[in-house]
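Report on the structure
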Amino acid sequence: MYPRHIIEQVLNATDIVKLVSTYCELKPTGSDRYVSLCPFHTEKTPSFTVSKSRQIYYCFGCGKGGDAISFLKDIQNISFMDALEILADEAGIHLPKTSYSSKERSPEQNDRRTLFQIVELSVEFYRNQLTKSLNGKIAQEYLRKRNISPEIQEEFRLGFAPADGYSLYRFLKSKGFSERLLLRSGLIRSGGEEGRYYDFFRNRILFPIRNIEGKVISFGGREITGEGPKYINLPETEIYQKNKVLYGLWEGKETIRSYENVILVEGYIDVLRCFQSGIRNVVATCGTALTAGQANLMKRFAPKVIIVYDGDEAGLSASIRATSVLLQAGLTVSAVTLPDGKDPDDFLQSNTVSEWNQRISSASTFFTFYLQQKQNLLSTPQGKITVLSELFRLISIMEENSIKEEFLKEIASALRISFWAVKSDYEQYLKNNYSVRSQTNNSHLESVSVDDIDFLHGLINDEQIKMRTKKLFQEIPLPETPLGMAVKYILENEDPDPRFMEECEGKKLLQKVLLSEPVNNDLKTLAIERLNRLHIEYINQQIGSIQQQIQEAEKRQQKERLMELLSNQKELITKRSQLSGVQIQNKR
Ligand SMILES: [Zn+2]
């Protein structure tokens, strides 16, 4: 474990606002606070709050809170030590070597680190194969024909897996990695009668897939010789869950933030083509149908998604599936079809960027888009029902009623029927297709009352309340509750900074307090009442324990002891009624 002053030095050198912005879109609310959709739980309105001056965060939805180190630890699912090391590294702080070596890390953390290293070295290996080896000529030729510029190849670190099927294995083996970890990286497989090891990719152009921090965690591979499936992807590993990754997101996230929308395309090459044309707010799923996790990932950076899938039937049904997932995540969805069944790559090779921009900016909502696509079905009553059911299903996914009505109106005008007719059809649809929608579960929400939070606000900001509180807890002990722990820390520290508080429920509570505003406007009265209640609770405990002692003394016929206990009890009861009186007076 590092000494405390080192941890403090790292925390002081880190800006939590900048750190959190890597993972989600922080919006300022007031001079000090920022809010975002929580990266730790699924939600539709932001309750994840960050304070710049305090350098802490707290989520009012799921109760997660902490400082820069705990944020990095939780979001990357790594150890405290690893998070500390990463932040120290970024801040240019040299950590003393002796106090913490890789031996102290758990085997799983060491394995994760090694897996990242294996993948990173493989990126370099494949990159060299593409750019520097004879083998790579055929791949280079392919990329040249597809008009992927060397700059874009460089930015996306494209590579080439040679045909022999073992050169990556040899290379990684020469770097000293164990077979166990090579197999776990997915890049190396074993099999056959002799149990030989071989490379997962052979004779393919490789598209490294980066996570949200920019680290490569996987690859997609495209064949170039007409053999085997067109695209294959590495299976999921400990460091790669496809559910949590979008191709192009790391590269494009700054643009996505500033445009407040993201363009969703189907393939790796589509993303590369857009970037090459200067369009940088583009992502693709990595060879899979869009998942809820990916939709939530997009939502952390922009509220609106524009789908540009291939203009064929398969592309259309994929876009319906994607829309359903995106709407469920609470995103606004519009869609664009490109003429003559073109994909974004084709379109941008034969059209100008301004033609592209014009199509994107005039993208219609998904509903209008879908009705246009299904125009031919709308002429028969049966076809109309099919189309409407699909749209009603999408509308029923959405949460806000006002938006639903808007879309029903849009459908009505597109079909040239009255809004009321569409609405009654929709209601009929709901009756026939009733399903229980999943609700976000906030069961782990802390059960601390608003009064307790406001009491702590008062305690931090009001000297009189502080004095009163100090006085009370010289008389009685602090309760062993989150409230008690927070009170203790506030009383002991001039400017209480939860970052430097030891890990406990009281720390969480203090984070919550510092990131919220008081609800009550008379904090003094509230504090007096709360202190009285704490005092009364303590006296009740005492009376309870004296009652037990009295029974004991009666049993043993200890007369003197009994007298003493009874007098103590009487005193406590008097004190309690005095305190209750104070409480009543204050309420008036
Ligand atoms: Zn949360």
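What counts and how
Residues numbered from 1 in each chain as written. Predicted model: local features only at pLDDT ≥ 70, side-chain atom pairs only at ≥ 80, totals over all residues. Heavy atoms only, no water. Buried < 20%, exposed > 50% of the residue type's maximum accessible area, 1.4 Å probe, protein only. Helix = DSSP H or I, 4+ residues; strand = E, 2+ residues; numbered from the N terminus. Pairing = 2+ DSSP bridges. Donors = N, O, S within 2.8 Å, 3.2 Å for Na, K, Ca; no water. Tetrahedral: all angles 85-135°; square planar, octahedral: opposite > 155°, others 65-115°. Axes fitted to C-alpha atoms, helices over the stretch in contact; angles between N-to-C directions. Contact = heavy atoms within 4.5 Å. Parallel < 35°, antiparallel > 145°, perpendicular 65-115°, else oblique. Nonpolar A, V, L, I, M, F, W, Y, C, P; charged D, E, K, R; others polar. Phe/Tyr/Trp six-rings, centres within 6.5 Å; stacked < 30°, edge-to-face > 60°. Lys NZ or Arg CZ within 6 Å of the ring centre and 35° of its normal. pLDDT = per-residue confidence, 0-100. Core = buried A, V, L, I, M, F, W, Y, C linked by side-chain atoms within 4.5 Å. Expected span 1.5 Å × (residues − 1).

**A word on the pairing of strand β4 (residues 56–59)**
Taking every second residue as pointing to the same face, both faces of β4 are buried, with Ile56 and Tyr58 on one and Tyr57 and Cys59 on the other. Examined bridge by bridge, strand β3 (residues 48–51) and β4 share four bridges and lie antiparallel to one another. Its bridge partner lying in β4, Phe48 is registered against Cys59. Looking at chain direction, β4 and strand β5 (residues 65–66) are connected through two bridges and run antiparallel. Paired with Tyr57 across the two strands is Gly66, which belongs to β5. Counting the residues that bridge the hairpin from β4 to β5 gives five residues, and of these Gly63 lies at a positive phi of roughly 85 degrees.

**Comments concerning the coordination of the zinc ion**
At the metal site, the zinc ion is ligated by Cys38 (SG), His41 (ND1), Cys59 (SG) and Cys62 (SG), and these contacts range over 2.0 to 2.3 Å. One way to put it: the four donor atoms around the zinc ion meet at angles of 102 to 121 degrees, and that makes the site tetrahedral. As a motif over one chain, the donors of the zinc ion read C-x2-H-x17-C-x2-C. Within this pair, whereas Cys38 is found in the loop between β2 (33–36) and β3, its partner Cys62 is found in the loop between β4 and β5, the two being separated by 24 residues in sequence. The class for Cys38 is buried, based on a relative accessible area of 5%.

**Observations concerning the sheet that holds strand β11 (residues 231–233)**
With antiparallel pairing, the four strands of this open sheet are ordered in space as β6-β9-β10-β11. Pairing within the sheet leaves two strands with one partner each, and these edge strands are β6 (159–161) and β11. In this sheet, adjacent strand axes meet at a mean angle of 35 degrees when their direction is disregarded. Pairing geometry for β6 and strand β9 (residues 204–210), over three bridges, is antiparallel. The partner of Gly159 across the bridge, within β9, is Leu206. Sitting on the sheet, helix α5 (residues 107–132) is in contact with β6, β9 and β10 (216–223), with an inclination near 35 degrees to β10.

**A word on the packing of helix α13 (residues 313–328) against helix α17 (residues 381–397)**
Where α13 contacts α17, the axes come no closer than 8 Å and their chain directions differ by 20 degrees. Considering the angle they form, α13 stands roughly parallel to α17. Packed against α13, whose contacting residues are Ile320, Thr323, Ser324, Leu327 and Gln328, the element α17 presents Glu390, Arg393, Leu394 and Ile397 at the interface. Class assignment of the residues belonging to the contact of α13 with α17 gives a composition of four nonpolar, three polar and two charged.

**Digging into the packing of aromatic side chains**
Going through the model one piece at a time under the given rule, you end up with 28 aromatic pairs. Between Tyr57 and Phe71 the ring centres are 5.5 Å apart and the planes differ by 80 degrees, which places this aromatic pair in the edge-to-face class. One end of the pair, Tyr57, is in strand β4; the other, Phe71, is in helix α3 (residues 68–76), and 14 residues separate them in sequence. Look at Tyr57 and you get buried, because its relative accessible area is 0%. We classify Phe71 as buried; its relative accessible area is 0%. With a centroid separation of 5.3 Å and 15 degrees between ring planes, the pair formed by Tyr169 and Tyr197 is classed as stacked. Here the residue Tyr169 occupies a position in helix α8 (residues 167–174), and Tyr197 occupies one in strand β8 (residues 196–199), the gap between them amounting to 28 residues. On the basis of relative accessible area, Tyr169 is assigned to the buried category, the value being 15%. Note on Tyr197: relative accessible area 28%, which makes it partly exposed. Between the NZ or CZ atom of Lys215 and the centre of the ring of Phe116, over which it lies, the distance is 4.5 Å.

**Topic: the side chain of Gln569**
Inspection of the secondary structure assignment puts Gln569 in helix α25 (residues 559–587). A relative accessible area of 11% places Gln569 in the buried class. Setting aside its immediate chain neighbours within four residues, Gln569 contacts Ile543, Ile546, Gln547 and Ile550.

**Describing the packing of helix α22 (residues 482–492) against helix α23 (residues 505–514)**
In helix packing, the relevant descriptors are the interaxial angle and the interaxial distance, both defined with respect to the helix axes. Packing of α22 against α23 leaves a shortest axis separation of 7 Å and a crossing angle of 70 degrees. Judged by the inter-axis angle, α22 sits roughly perpendicular to α23. Within the contact between the two elements, α22 uses Pro482, Leu483, Met485, Ala486, Tyr489 and Ile490 and α23 uses Glu505, Gly506, Leu509 and Leu510. Counted by class, the contact of α22 with α23 contains eight nonpolar, one polar and one charged residues.

**Quick look at the confidence of the model for the protein chain**
Across the protein chain, the average pLDDT comes to 87, with 94% of residues at 70 or higher. Predicted confidence is poor over residues 435–446, with pLDDT under 50, and the contacts of this stretch with residues over four places away or in other chains come to 18 contacts.

**Overview of the nonpolar core**
Core analysis: the biggest nonpolar cluster contains 111 residues, and Leu264, Leu326 and Leu456 have the highest contact counts within it. Every residue in contact with Leu456, bar those within four places of it in the chain, is listed here: Leu483, Ala486, Val487, Ile490, Leu509 and Val513. If you look at the next biggest cluster of nonpolar residues, it comprises 61 residues, including Ile148, Ile269, Val282 and Ala284.

**Observations concerning the sheet that holds β3**
If you walk across this open sheet you meet the five strands as β1-β2-β3-β4-β5, and the pairing is antiparallel. Looking at the sheet topology across the chains shown, the edges are occupied by β1 (27–29) and β5. With three bridges joining them, β1 and β2 adopt antiparallel strand pairing. Across the sheet, residue Lys27 finds its bridge partner in β2, namely Val35. Sheet strands in contact with α3 are β3, β4 and β5, and its direction is about 50 degrees off that of β4. Contacting β2, β4 and β5, α23 runs over the sheet at an angle of about 90 degrees to β4.

**Observations concerning unusual backbone geometry**
Its identity is not glycine, yet Asn203 carries a phi of approximately 55 degrees, on the positive side. Locating Asn203 in the fold gives a position in the loop between β8 and β9. In this model, Arg416 sits at a positive phi of 55 degrees, which is unusual for a non-glycine residue. With respect to the secondary-structure elements, Arg416 resides in the loop between α18 (401–415) and α19 (419–432).

**Re helix α20 (residues 450–461)**
Taking 1.5 Å as the rise per residue, α20 with 12 residues should run 16 Å; its terminal C-alpha atoms sit 17 Å apart, in good agreement. In terms of burial, α20 is a largely internal element, nine of the 12 residues being buried. Those residues of α20 that fall on the buried side of the exposure criterion are Asp452, Ile453, Asp454, Phe455, Leu456, His457, Gly458, Leu459 and Ile460. Buried residues along α20 sit against α21 (463–475), α22, α23 and α24 (523–556).

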